[in-house]
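Structural overview
Single-letter residue listing:
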Amino acid sequence: METPHYVAARVQRALAEDERTTELGIRVDVRGEEVYLRGQVSCDERRRQIENVAREAAPGLRVHNETTLVEVREAGEEEHL
Amino acid sequence: MRELRIAAVADIHLGEDLRGHYRKKIEGIERRADVLLVGGDLTRHGTISEGRVVAEELSGLPIPVVAVLGNHDYHSDHDQEIIDLLRDAGIVVLDDEGAVVSVDGVRLGIAGGKGFGGGFAGKCASEFGEPETKAFVRHTKEIAERWRRALKDLDADHKIVLSHYSPVKDTLMGEPPEIYPFLGSYMLAEAADAEGADLFIHGHAHAGTEKGVTPGGIRVRNVALPVIKHAYTVYCLNGDDC
Ligand SMILES: [Fe+2]
Ligand SMILES: [Fe+2]
């Protein structure tokens, strides 16, 4: 079995460099045959693509897409400086 | 002097798939803010078509919009074209320079640009060794020098630095420390501290935190969309009456 450390590095690079994702902020953890993806994404389509790219970069492993969809809310509170 | 309400956001990372979404969230912004600052990573891949989406989403607002680019906007080597099409859409784009916008006679000066990395005092890269390392550090040094001059030349009542990269570690909290050198540089803070400013706005650190301060006491705010989780945050710079 490939060292989990290098699998994680390869998945992370794929997520950053693949044109479908270009996501630099996704945390990738590999434990045995399980791959965990964590981080925040802005829409469902991007979340799906992250999963696709990760699966391609880690064939044969089980990918758990634990990314969170961040729904952008309207303006928040004001801060007085 | 009246109070200034500064709306700020960064890392909107727009593309065809999000066309129209962001615009909906900023409708009515003129009732809450006097100016909108956008701290880079406007697109995902830095393509011209994504740049057009950004121009559409940010143009025609009743308040001035001032923006800088981020690293993603450089990815396809069309940064200059993106700057041009944003400017054609009436957006003020700062590329290592300053600009003054007037709000009811109050002059707000904004200086900045993309910025760059290198790390933070005591744990930073230095201009030594291989040409690649030297070029990396020199890029940040030259940017910081241009910002210092731009800040000095601003004739304004309030001054803000607008950047993509962070000037301090405070607002990176939540990011892995191993990547801090790619998230910002103390040289950006040093430039701001040398000339003085009321506020330093940046993005880039999606997993960071909102609030920090430079060694010289300038308030720093990381307004990356995943950090503020709102279409923008409003910072009020007090007038004389407060
Ligand atoms: Fe970003
Ligand atoms: Fe960025």
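So, here's what we can say about the structure. (Residues numbered from 1 in each chain as written. Chains lettered and ligands numbered in written order. Predicted model: local features only at pLDDT ≥ 70, side-chain atom pairs only at ≥ 80, totals over all residues. Heavy atoms only, no water.)

Applying the stated criterion to the full structure yields 30 salt bridges over all chains. Among the salt bridges present, the one from R221 of chain B reaches E79 of chain A, with a minimum N-O distance of 2.8 Å. Here R221 of chain B, found in strand β10 (residues 219-222), pairs with E79 of chain A, found in strand β6 (residues 78-80), and the two come from separate chains. In this structure E79 of chain A comes out as buried when scored by relative accessible area, which is 16%. D96 of chain B is paired through a salt bridge with R146 of chain B; the nearest N and O atoms lie 2.9 Å apart. Here D96 of chain B is found in the loop between β4 (92-93) and β5 (97-103), whereas its partner R146 of chain B is found in helix α4 (residues 131-153), with 50 residues between them in sequence. Note on R146 of chain B: relative accessible area 31%, which makes it partly exposed. (Salt bridge = Lys/Arg side-chain N within 4 Å of Asp/Glu carboxyl O. Helix = DSSP H or I, 4+ residues; strand = E, 2+ residues; numbered from the N terminus. Buried < 20%, exposed > 50% of the residue type's maximum accessible area, 1.4 Å probe, protein only.)

The subject of this paragraph is the sheet that holds strand β1 (residues 27-31) of chain A. Each strand in a sheet pairs with another by means of backbone hydrogen bonds, the pair being arranged parallel or else antiparallel. All names here are of chain A. As summarised here, the arrangement of the three strands in space is β1-β2-β4, forming an open sheet in which the pairing is mixed. Looking at strand neighbours, the two that pair on one side only are β1 and β4 (62-65), the edges of this open sheet. Here the strands of the sheet are splayed against their neighbours by 20° on average, with no regard to which way each runs. Of the pairings in the sheet, the one linking β1 to strand β2 (residues 34-38) comprises five bridges and is antiparallel in character. Residue pairing for β2: D29 is matched across the bridge by Y36. Most of the contacts of helix α1 (residues 4-17) go to β1, to which it runs at about 155°, and overall it touches β1 and β2. Together, β2 and β4 form the strand contacts of helix α2 (residues 44-57), whose direction differs from that of β4 by roughly 160°. (Pairing = 2+ DSSP bridges. Axes fitted to C-alpha atoms, helices over the stretch in contact; angles between N-to-C directions. Contact = heavy atoms within 4.5 Å.)

Our next topic: the interface of chain B and chain A. Where interface size is quoted, it is often the accessible area lost as the parts come together. On the side of chain A, 22 residues touch chain B, which itself brings 30 residues to the contact. Between chain B and chain A, a total of about 2400 Å² is buried, with carbon and sulfur atoms accounting for 48% of that surface. If you sort the residues of chain B by the area they bury against chain A, K25, R44 and K229 of chain B come out on top, with a joint share of 23%. Its salt-bridge partner being E79 of chain A, residue K211 of chain B comes within 3.9 Å of it at the nearest N-O pair. (Buried area = accessible area lost by both parts, 1.4 Å probe.)

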